[in-house]
Structure formats: C-alpha cells, structure tokens
Amino acid sequence: MIEVAADAQTQPNVIEMRGIVKTFPGVVANDHVDFSLQKGEIHALLGENGAGKSTLMNVLYGLYRPDSGEIRVNGTAVTFDSPRDAIALKIGMIHQHFMLVQAMSVTDNVILGLHTQGVLIGEKTAENKITELAERYGLKVDPKNFIWQLSVGEQQRVEILKALYREANVLILDEPTAVLTPPETRDLFTILRKMRSEGRSIVYISHKLEEVMNVSDSITVLRAGKVVANVKKAKTSKAELARLMVGREVIFRLSKTEAKIGTPVLEVERLSASNDMKMPALRNVSFAVREGEILGIAGVSGNGQRELAEVLVGLRRATGGRFAIGGQEVTTATPRTIVDMNVGFIPEDRVGLGLVMGLPILSNAIMKRYRDLSKGLLLDYSVASDYAGGLIKEFDVKTPNMRYPTKTLSGGNLQRLILARELAREPRLLIAAQPTRGLDVGATEYIRSKILEQRSLGRAILLISEDLDEILSLSDRIAVIYEGEIVGVVPAEGANVEEIGLMMAGSKRMELAS
Amino acid sequence: MAGFKITVERRLLPSRRLEIAAPVFSILVALVISAVPISLGGVNPIEGYYELLYGALGNKLSLTETFAMFSPLLLCGVAVALAFTCKFWNIGAEGQLYCGGLVAAFFAVNAGGLPAPVAIPLMLVAGFLGGGAWAAIPAVLKVRLKVDEVVTTLLGNWVMYYLVSAILFGPWRNPKTGWPESPIIAESTFYPILVPGSRFHLGIVVSLLIAVAFYIILKKTKWGFELLAIGGNPASSQAMGISVAKQIILAAIVSGGIAGLAGVGQVAGIHYHMKTDLSPGFGYTGVVIAMVGGLNPIGVVLASFLMAVVVQGTQAMHRATGVPWALAEVIQGIILLCLLVGIFFTKYRVRMVKA
C-alpha cells in the first residue's frame, strides 16, 4: 500500500477501499480486501466465480454494508446506506442482470428515480440529452424505443446511458460481456476506452483473461475472498494471471496409489451444448473416463464446465454429439435414468442443485435411495433413519440431530452430506464438479482423500475443477477446456504447469490425436 | 428510532411451544381488537362473544351446522395444501369444486337404478375426476409451456362458474321449478344423514378421511417425500432423479379431485341439486386455511374448524344481537389477520439491534 500512496501524488485515487470484510452465513466473501482505483483507468477485477468480486463491488455501490473496512471516495471516508448514496458520489454500476423496466421507454428508464426533472418539460430535454450522450459515445439506441424491443446488447447500452446521464465518474461493470456477441463486445470496449480518455474510471469485473488483457490498465486478482495480486497489465501475462486466479502452490500431499485402469465407463463423442442464454457453450468435446481413473477437466470457470456436467447427468440437452455410460448410449436420457445407472454427481452448485435445504438432513441423505427404502407406496422411515444415521456417522457430518433442517449445516458439512449420499451407492461413475470450492482445509483434504479412495476402488471419476492444484494432485490425465473446447489432454504425471496455464488461457492448443 | 434498527431473521428451528402459543395468543388478541367495533355497534362484547360461541358450538343444531360448514372448508384446505406442498400454486379450488359438483351431479341425477352403496362411491369418483380434470389443464400448461398456474387456476374459476351457469340456465334448467338448478339427484345418491334431524352428513366423514389420507401421504409415502422435495427445491429434485413434471401434474389432479369432493358434498349432502351458488367461496377460503394451517395436515384440520366456528358464530351473533352483518365479516378478517401475524412470529425472530 506504500507504493500506492506514493503513486497517489501524481494520480489521485478516486476510490480507495481498505480492509473490507464482508461475510455471509458460513462464507467469508471478502477477507480484508484492499482495492484502489485511479482516475482515468480501466481496472479489471479478476477472479473465479465466488472469489468475491461482485461482493466487493456491491459494497462499493452501497448494496451491501461491509462488516468492517473503510471506503474513501476522492480522499474522503464515506459510508453508504444504499446505492442512492453511491450514485450521489457519481458511482454507477451495471449488474449482470439489468435493472430496467421492460414496459417503459429508454428515456423513461434513464430518468427513472431522478427528482430533478419537471413533469412535462423533463421528457423532451432528457431525450435530447440522451441522444447527445448516445452520439458522443457511439451508443446506438433510440431513446423512444421500449426496453422489451431491445436486444440484450442494446439494453446494456441503456444501462451505460443511465450511468452517464447521472454523470458517473466511476462505472462498475459486472461481467459485461457474458451476454454479448463478439462484435458487441468490441463496441463495448470502444465505449469504455472513450470514457477512460475523458478521465472517468472503470472497474471491469471478469473472469475472462482475454478481455482483461485487452481492455484493462491494471488488474486486481481475487481468490477465495482475498487479494492475491495487484499488477499492471503491461507487466503481466495471461498465463501468469491464470495461475494467480486458480492458485498453484501444492498444499496437500495426498498418497496416490498406482492406477489400475480398466475398461471405459463414460465415453463422450463430439458433444456440444448451449448455455442458459442459448449461446454455444460446449463444442465437439470428446473424451473417455475408464475404471480406476480420474480424468481432470482443468479450465477457468465459465468455459463450459457447468454445461458439461449438466449434460452428463441429464439436466441439459446436448445440441450435438453423443455419450454413453457403460456402453449404453444415454444422450437423451432423463436424470432419473442416469441416477438409476448408478452415476454419482457432486454438483458445482451444492445448494441449488445438490440439496433441499428446507428438508431435514435425514431426507437429503436418503434422496437417492428412498425408492429402495420403500415397500410399495410407503417409505419406511425407520429403515431410512438407520441408513441416514449410518452415513452421517461414517462421513462425520457434524450435526446435533439429523431431523434438523439441512440449512443448519455449515458449508463443509453440506459437502460431506452430498458426498455421503453419492458415495454410499458405490457409483460406477462419479462426476465431481468443484468438489472443494469454498471449503476449509480440513474438509478439502477429507473430500480429496475420499475421491482418491473411489479411484482405488476401481471407479471412474470425472473431476471438474478450476483449482489447478486439485487437478494436478488428483488426476491421472488432465484435459484442458477453453471456450467449450478441449484444447489439450496431458498425463498428470510430469505435467508442465506452464503449458497447462497457457492452454487454460487459450494461448496454446495441442493437436489432438483423434 | 435513532441508533436502533429492527431486524427480522428466519428461525432455523421453529419452536414447538411457540407454534401452539402463537395461534392461541393471536385469537385472544383478535377478540380484544374486535371488541372495539362490537362495542361501537352498540353491543356488549362479552355478550357478543357468548352468542358467537353458543351459535357455533352451543347446542346440537349449531354444532352440526358448524360441522356441515367444516367439511367443504377442510376439503378445500387439504386440496390447496397438497398442491402448495410441491409449489403448485393452485388458487383454483373454487372452480375445481364446481367442476366436481357438476360431474357428480350429472352422474347422480342419472343414477336412479343403482343402490346407494354402489351409487355413492361412484359419485365420489365422478366428482374427484371432474375436479382433477379441471386442475390438470393448468398443471400441464405449467409443466409443458411454463404458463403461470396462479393466473390459469384463478381465471379457471370464472370459466367454470360461468360454464356451470350456462348449463344450469340453459339445457339443464330444472324442468319442474324452472329455477337455474339441475333436476334433483337420485335418492340413492343422497349422503346419509348421520345425526338425525340435522345436516350432519356422510361428507363430513369423507372430509376427515381425506385429511387423514393427506397426513399419511406426507408422512409415510414415497410420493409425499417427492412432493416435499419438489416443494423445497425442484432443480435439486430433478437432479436426484425425481420426475418433477409428472409429480406436479399428479399433485394437481389429486388436489383438484379433493376440491371436487367438496362440490360432491354440497350437492349430495346439502342441496341435492347442482346449483350456481354451490359455494360461497370455500375454494378461496381454502387458500387461507392452507396457509394458516402451515400446509400441515393437523394444522389444516384445526384451521378449517376454527374458520367454520368463526363463520357460523359470527352469523349467530349477528342474528342474536343485531350487530350489522358486515361486522361479522370484519371479525372474521381480524381473526385471520391476527393468526397470520402470529404465524409469522413462529417462523421469524424480530429483534431490535443497535445500528
């Protein structure tokens, strides 16, 4: 921070955040984060999903109140009760999900919430001012159009206009390109550079290395709620950033037995799928996972990993290609069929896809076994509670009572519960997505050792993780995914970390023998 | 308020003591509040409440009438609670009640040759299927086309109401009386009266059996487990192999079918005709009952009974003391509001904290 202070003499910091701590139940989203933004710079906030980027910026925008820490705007300490206070200090934010009223015109949306306008004259003046702003920044939008008539890219421009209209000097963009086509992305960058040239400052939240290297001046990297680096764009590289984001230091020493590889269990052939926005997310992916083998899928988040896992468990329809489990094609199978084929699944979104938080722990423990625990139409709760009790004991899920709602468990115990449920069925294929993300050291080590135990039992494991260290220490082979494609497959033994980093950043691709 | 803020947190574990104490306390508070308008109406509140209780529970006639009101309320409450358990927001019990009544009446009017032990079960099946079919439409629309069922079930009530009216004013108008009501149903389909000289009919037993069935479904069956899981998190349920769409459609049909049984009860236990005013809004009150009862079978039984007592009692108070009829409805409203607030406190903890 001493260098920053020296720097400040020449270029004052518009925003200065110090020691920001923000916790949510069971999670430390920001852990003593320092962040400073200079006048006239585009500052990228880089990190994986859940690294705490959006939380930090929501604190700056007044949406969250930090547990501790200090915010200074133009050198003055401030506290925000709501975004209104942030807006008054010329801070604007564009969220991933736009905050626009669909049934209102562009002009109405832009002036919504401003009190300075007269009732009748305001509209016309506002419209002229919007047209003028739009022309100046090349934001092609007709102020008379209604929001529902606009494409997603245009709606984003309305959001930017809203901020410019409020004379924002600091503009925060949260993953702005997630919804854009490549030409729209180029236009956005032009707009951002124009704003920078006028001395405005921009915070650009992203996990896409390519864009960050393209548009930013300086970069702050967050990992697990902490700042791991603050670098100038000119002095770094994509590969370095990729390593910083996912972490490389090997913390865990796990004993890994000699692999005893058997026949293929999961065979994937030229599989493609779209994301929720109906954009291609997975392109022609092919691989196989064999008995007794862990195939690690490495990559920066948002490169198709989530879609891959969802397609393989039947939750998302493939748009092309096919896959088979145990030699049987299941490309169009329902989740029920795949569950019945004894496939274990540890989803990336544990709470959203892996558990029913409002139900008792007992119910979640039997969720994949309740049909076997039933006689006819009746579920035998006494057998079920013996079964659940056994799992909770074996996997050391810490709870005073398994009839308590599942939401009373901590993050590590939630994951133990999922693991218990999935492994108790002795799955022939285990799909584990981000199995240790956000967990403390103890839980992480436990879960990794359990995954290795499955491997030594001869089960096939697909490990999808953004944590390169995890991939390196667990996998037998590593496939690198970038923009929905497998750009390389290497044996984990003697893998070159630099090379994997480059592939994750999209700078290197291996010729695949196929 | 300087320096203090009120925070509301969800309780992780609801307290059993509070779950019993809160409704009792709420009702007491409601009675205290209601005393004000009753006094303004020129009646001593103590006397008013005596008439209320006596009119609902005081003698054989009032007690059996309260039970006759309890039966359709309970069926509608269970119908809504079952659908709400898996987050199928069925606001259409009223229309399903009419549809069930219509189909059952159509069967019952033409069931002349059948003995009662055959005719009555068949009539129940007819009413169940009628209500179930009417609920299946919004369920399929929701599952296949993601059409919001709150809108479709609610609007379906009006469609069914006017459909029934069109049929009863048109082709099915009672030929003998000329009233817009169906011909009288076959005598073998009359619900037996279980307490002589009253309207305590078989339907009251049917509704209690349905409530018991709802308890068994939720606490003992695979299906109930699936409904609870879907209600808690449909995405997780799907991922764990529950056929969410299928179960939602099934729940909607069963829910509509139970509401249809309420229609059967009104036709075969009370009116012996299909009528345009078969229900004064039992289906809508069912939504309130399901919520007040916390979607819990025992809670729904208690809430339905309370509702029946309040409705019968306030009517009696109106007759006996001359307080305006509107006041009876005001008191009903106050009791429900107090109960909902009371239930809020069993789920959330409200605290003052230093800002």
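Every value quoted in this text rests on a predicted model; they were computed, and no experiment measured them. (Residues numbered from 1 in each chain as written. Chains lettered and ligands numbered in written order. Predicted model: local features only at pLDDT ≥ 70, side-chain atom pairs only at ≥ 80, totals over all residues.)

1. Here's the deal with the overall build of chain A
Scanning chain A from N- to C-terminus turns up 18 helices and 22 strands. The C-alpha atoms of chain A give a radius of gyration of 25 Å, which matches the 24 Å a tight globule of 514 residues would have. Each principal axis of the C-alpha distribution contributes one length, and for chain A these read about 75 × 50 × 45 Å. Counting all 514 residues of chain A, 46% fall into the buried class. Once local pairs closer than 6 in sequence are excluded, the contacts in chain A between residues at least 24 apart make up 68%. (Helix = DSSP H or I, 4+ residues; strand = E, 2+ residues; numbered from the N terminus. Rg over C-alpha atoms; globule rule 2.2 N^0.38 Å. Buried ≥ 20, exposed ≤ 12 C-beta atoms within 10 Å, placed from the backbone. Contact = placed C-beta atoms within 7 Å.)

2. Structural notes on the sheet that holds strand β16 (residues 343-346) of chain A
Residues and elements named next belong to chain A. Within the open sheet, the 6 strands sit side by side as β16-β19-β20-β13-β21-β22. Their pairing is mixed. The sheet is open, and its two edges are formed by β16 and β22 (485-491), each paired on a single side. If you compare each strand with its neighbour and ignore which way they point, the axes differ by 15° on average. Together, β16 and β19 (429-433) form the strand contacts of helix α15 (residues 411-423), whose direction differs from that of β16 by roughly 175°. Packing against the sheet, helix α18 (residues 497-504) makes contact with β13 (294-298), β21 (477-482) and β22, and its axis sits at approximately 30° to β21. (Pairing = 2+ DSSP bridges. Axes fitted to C-alpha atoms, helices over the stretch in contact; angles between N-to-C directions.)

3. Some points on the domain arrangement of chain A
Residues and elements named next belong to chain A. Each domain of chain A was delimited in the assignment, giving domain 1 (2-246), domain 2 (248-342 + 427-514) and domain 3 (358-425). Here domain 1 and domain 2 have C-alpha centroids that lie 34 Å from each other. The interface of domain 1 with domain 2 comprises 14 residues on the first partner and 17 residues on the second. Mapped by element, the contributors of at least two residues to the side of domain 1 that touches domain 2 are α8 (209-215) and α9 (238-246). With 6 residues, α9 is the single largest residue contributor to the side of domain 1 that touches domain 2. For the side of domain 1 that touches domain 2, the class distribution of residues is 7 nonpolar, 3 polar and 4 charged. (Domains from an automatic or database assignment. Nonpolar A, V, L, I, M, F, W, Y, C, P; charged D, E, K, R; others polar.)

4. A closer look at the interface of chain B and chain A
Reports often express the size of an interface as the amount of accessible area lost when the parts come together. Opposite the 19 residues of chain B that make contact, chain A presents 29 residues. The element that contributes the greatest number of residues to the side of chain B that touches chain A is helix α8 (residues 222-232) of chain B, accounting for 6 residues. Residue composition of the side of chain B that touches chain A, grouped by class: 9 nonpolar, 8 polar and 2 charged.

5. What to know about the pairing of strand β7 (residues 170-174) of chain A
Residue and element names in this part refer to chain A. Extensive coverage of β7 is indicated by the burial of 5 of its 5 residues. Of the two faces of β7, both are covered, the one formed by Val170, Ile172 and Asp174 as well as the one formed by Leu171 and Leu173. Alignment of strand β6 (residues 91-94) against β7, held across 4 bridges, turns out to be parallel. Pairing of Gly92 across the sheet is with Leu171, part of β7. The sheet contact formed by β7 and strand β8 (residues 201-206) spans 5 bridges and is parallel. Counterpart to Leu171 in the pairing with β8 is Ile202.

6. A few points about the environment of B:Trp158
Residues and elements named next belong to chain B. By the secondary structure assignment, Trp158 is in helix α6 (residues 149-169). The exposed category is assigned to Trp158, around which 12 C-beta atoms lie within 10 Å. C-alpha separation for the pair Trp158 and Lys220, spaced 62 residues apart in sequence, amounts to 36 Å.

7. A few points about helix α6 (residues 152-165) of chain A
One turn of the α-helix equals 3.6 residues, which is why residues spaced by three or four share an orientation. Taking 1.5 Å of rise per residue, 14 residues should cover 20 Å, and α6(A) covers 20 Å from first to last C-alpha, within 8% of that figure. Just past α6(A), the residue A:Glu167 takes up positive phi, approximately 55°. (Expected span 1.5 Å × (residues − 1).)

8. Describing the nonpolar core
Most often, soluble globular proteins have nonpolar side chains that are buried together. In terms of nonpolar packing, the biggest core is built from 259 residues, with A:Leu60, A:Ile431, A:Leu463, A:Val480, B:Val78 and B:Met123 touching the most fellow members. Considering each element in turn, this core owes the most residues, 15 residues, to helix α3 (residues 60-85) of chain B. Discounting residues that sit within four places of it in the chain, A:Leu60 has contacts with A:Ile15, A:Met17, A:Ile71, A:Ala86, A:Ile91 and A:Ile172. (Core = buried A, V, L, I, M, F, W, Y, C linked by C-beta atoms within 7 Å.)

9. Focus: the packing of helix α1 (residues 16-40) of chain B against helix α2 (residues 45-58) of chain B
Residue and element names in this part refer to chain B. Look at α1 against α2: their axes get within 9 Å of each other, and the N-to-C directions meet at 110°. By the criterion of interaxial angle, the relationship of α1 to α2 is roughly perpendicular. Taken as a pair, α1 and α2 cross one another with a handedness that is right-handed. Each of Leu31, Ala35, Ile38 and Ser39 in α1 lies in contact with α2, whose residues at this interface are Pro45, Gly48 and Tyr49. Looking at the contact of α1 with α2 residue by residue, the classes come out as 5 nonpolar, 2 polar and no charged. (Parallel < 35°, antiparallel > 145°, perpendicular 65-115°, else oblique. Left-handed = near helix turned anticlockwise from the far one by under 90°.)

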